[in-house]
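Okay, here's what each chain looks like letter by letter:
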Amino acid sequence: MNVIQVEDPGLLTTVQDLGREGFGPIGVSPSGAADPISLRLGNRLVGNVESAAGLEMTLLGGTFLFPQGAIVALTGSDFGATLDCAAVVLGTSFEVAPRQTLRLGPTRSGARCYLCVRGGISVPRSLGSASTHILNGLGGFGGRPLREGDVLRIGSATNPFRKRTIAPQISERFSSRKVLRVTPGPQVDWFSQPSLHSFYEGSYRVGEQSNRMGLRLEGTPVAPRRAGEMITEGVSLGAVQVPAGGLPIILFVDQQTTGGYPKIANVISADLHCVGQLRPRDEIRFEQVTFEAARSLLIEQEQLLASEDSILE
Amino acid sequence: MTEDVQFQPASDQSLLLYFGQHVTLDVHLRIRKLLRLLELEPVPGIRNLHPAYCSLLVDFDALNLSHAALEAILRSYIGRLDTLAVPNSREREIPTCYGGEFGPDLNEVAALRGMTPAQVVELHASVTYVVYFLGFVPGFAYLGELPEGLATPRLMSPRRSTPPGSVGIAGNQTGIYPFATPGGWRLIGRTPLAMFRPDRKNMSFLSIGDRVRFAPISVARFSALENA
């Protein structure tokens, strides 16, 4: 059994795959990688299916010892990785020899870096997924972030090592945007024209309290003009809800499944991976697009990812 | 009867369906029937369902479905609801220790409603509630309808953390916090039951449509059940 020994977990490192779908009726949100594009690409680099489980590191990476070696790729943001002190390139698969140590540091770009390993991280599935939901203790390694001394099993795989690299046009296309495209939210008519104007013309700063459940934004408040409480209803991934104080919150992968605050907008599916790379204090803006444009962007994105030349051998 | 149903895109991959804007048992039954029908005859491309008081949020895969195509399918399903039997309801009992450290807001609720704490407990435990839906966090059941005499607004500033098992009230709803989460509902008691456990076959103790009663218990009984 090949394993990874966690010598230092970093700031917040969890096991994630592409999440669990279909448990809304019992209040369970999907979880999964905050930047699923990076996890999917990382898995392809090491010859896994796109949905295999990997490690998601946040802002500050960890230190991992591979007693039996492994085939590994790092994707997402650059955490200044080294393998036994030699720099490692992001977005390219590489071999780790037995007893080598992979060390990651503070981010040099966005919020999250993914470590994918051939065979995937092997943990018991909870509701069909390996993804960790910290608040609920679901999935992952004991339902919690990694700690020093944890020993993670690597799934068995025998496909030979091939050096694979993410094609430059893919890296370019999926580089993180700070202008998030959104469609109108279901309660957009609860907001006055001046509020909508400041929402789209102003910029917001990602608050320190942000996490995988939601990103709290600081900036010009956009108080809903209608008074009174909304009837609680289901909320979608990437919904931009506005509590009474007027400061928007982007609901994210570990989100609550229902809520009672009006939603002014919703981040389009094609830009959700960018939300996963936002750091506290990042400045962002919103740009409105139509539902049809959002759908076209998603289809185009998936076609690009599915193309043969998205990964180079 | 589909004329009172409204559809509203919530995102590029989700559609909200409203059965009006009033919380009634009739609307609740229609939502449960629609959920049941979508379980019996799943629609390819639907990824997730989020029932609530008078709405259902449907998450779908935009590579396989569009808002318009999904709306047409859902309208045809809704047209068949009247032919469907109401799914069976289970009876569930929630042993609850009221007041003291378990229900820090009991005295305030009593004062706000001009009652003694004992009267609040008696009233809260006197009726059978319906699980309208589960949401917010796993296993959190929205129970209605709270007796009129107990209706109380949320706390002005929510607690940063609410102990698991806490029984709260807000507006005309009551509910039980399965996890230590922030919460703005007024806490009147606590149950030793685990409302959500990932390692249990029925992870969530309560399901949509269950009929629920609260049974007052002593601190000693709470400890005994908690350690059972």
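Source: prediction; values computed, not measured. (Residues numbered from 1 in each chain as written. Chains lettered and ligands numbered in written order. Predicted model: local features only at pLDDT ≥ 70, side-chain atom pairs only at ≥ 80, totals over all residues.)

## Concerning the domain arrangement of chain A
Residues and elements named next belong to chain A.
Reasoning step 1: Annotation of chain A at the domain level lists domain 1 (3–166) and domain 2 (179–308).
Reasoning step 2: A straight line from the C-alpha centre of domain 1 to that of domain 2 covers 27 Å.
Reasoning step 3: In this complex, domain 1 contributes 20 residues to the contact, which on the side of domain 2 involves 12 residues.
Reasoning step 4: When residues of the side of domain 1 that touches domain 2 are assigned to their parent elements, the largest contribution, 3 residues, is made by helix α1 (residues 36–45). (Domains from an automatic or database assignment. Contact = placed C-beta atoms within 7 Å. Helix = DSSP H or I, 4+ residues; strand = E, 2+ residues; numbered from the N terminus.)

## Some thoughts on the sheet that holds strand β6 (residues 82–83) of chain A
All names here are of chain A.
Reasoning step 1: Spatially, β7-β6-β9-β4-β1-β12-β11 is the arrangement adopted by the 7 strands of the open sheet, whose pairing is antiparallel. Of all strands in the sheet, those bounded by a partner on one side alone are β7 (86–87) and β11 (121–122).
Reasoning step 2: Bridge count for β6 against strand β9 (residues 100–103) is 2 bridges, and the pairing is antiparallel. The residue of β9 that forms the bridge with T82 is R103. (Pairing = 2+ DSSP bridges.)

## Here's the deal with the environment of V96 of chain A
Residues and elements named next belong to chain A.
Reasoning step 1: By the element assignment, V96 lies in strand β8 (residues 94–96).
Reasoning step 2: By C-beta crowding, V96 is classed as buried, having 21 other C-beta atoms within 10 Å.
Reasoning step 3: Non-local contacts of V96, meaning those with residues more than four positions away in its chain, are made with F66, G69, A70, V72, L83 and L102. (Buried ≥ 20, exposed ≤ 12 C-beta atoms within 10 Å, placed from the backbone.)

## Overview of the environment of N88 of chain B
Residues and elements named next belong to chain B.
Reasoning step 1: On the secondary structure map, N88 appears in the loop between α2 (67–78) and β5 (91–98).
Reasoning step 2: For N88, a count of 6 C-beta atoms within 10 Å gives the class exposed.
Reasoning step 3: Sequence spacing of N88 and G209 is 121 residues, and the spatial spacing of their C-alpha atoms is 8.1 Å.

## What about the confidence of the model for chain B?
Reasoning step 1: For chain B, mean pLDDT is 93; residues scoring 70 or higher make up 99% of the total.
Reasoning step 2: Interface confidence in the predicted complex, given as ipTM, is 0.95; pTM for the same model is 0.94. (pLDDT = per-residue confidence, 0-100.)

## Remarks on unusual backbone geometry
Reasoning step 1: For the bond from G144 of chain B to E145 of chain B, the omega torsion is -5°, close enough to zero to count as cis.
Reasoning step 2: Looking at where E145 of chain B falls in the secondary structure, it is placed in the loop between β7 (141–144) and β8 (159–162).
Reasoning step 3: In this structure, C85 of chain A is a non-glycine residue whose phi angle is positive, near 80°.
Reasoning step 4: You can see C85 of chain A is positioned in the loop between β6 and β7.
Reasoning step 5: Phi angles above zero are rare outside glycine, and R281 of chain A is one such case at about 80°.
Reasoning step 6: Along the chain, R281 of chain A turns up in the loop between α4 (272–275) and β22 (283–288).
Reasoning step 7: Look at R281 of chain A and you get exposed, because 11 C-beta atoms sit within 10 Å.

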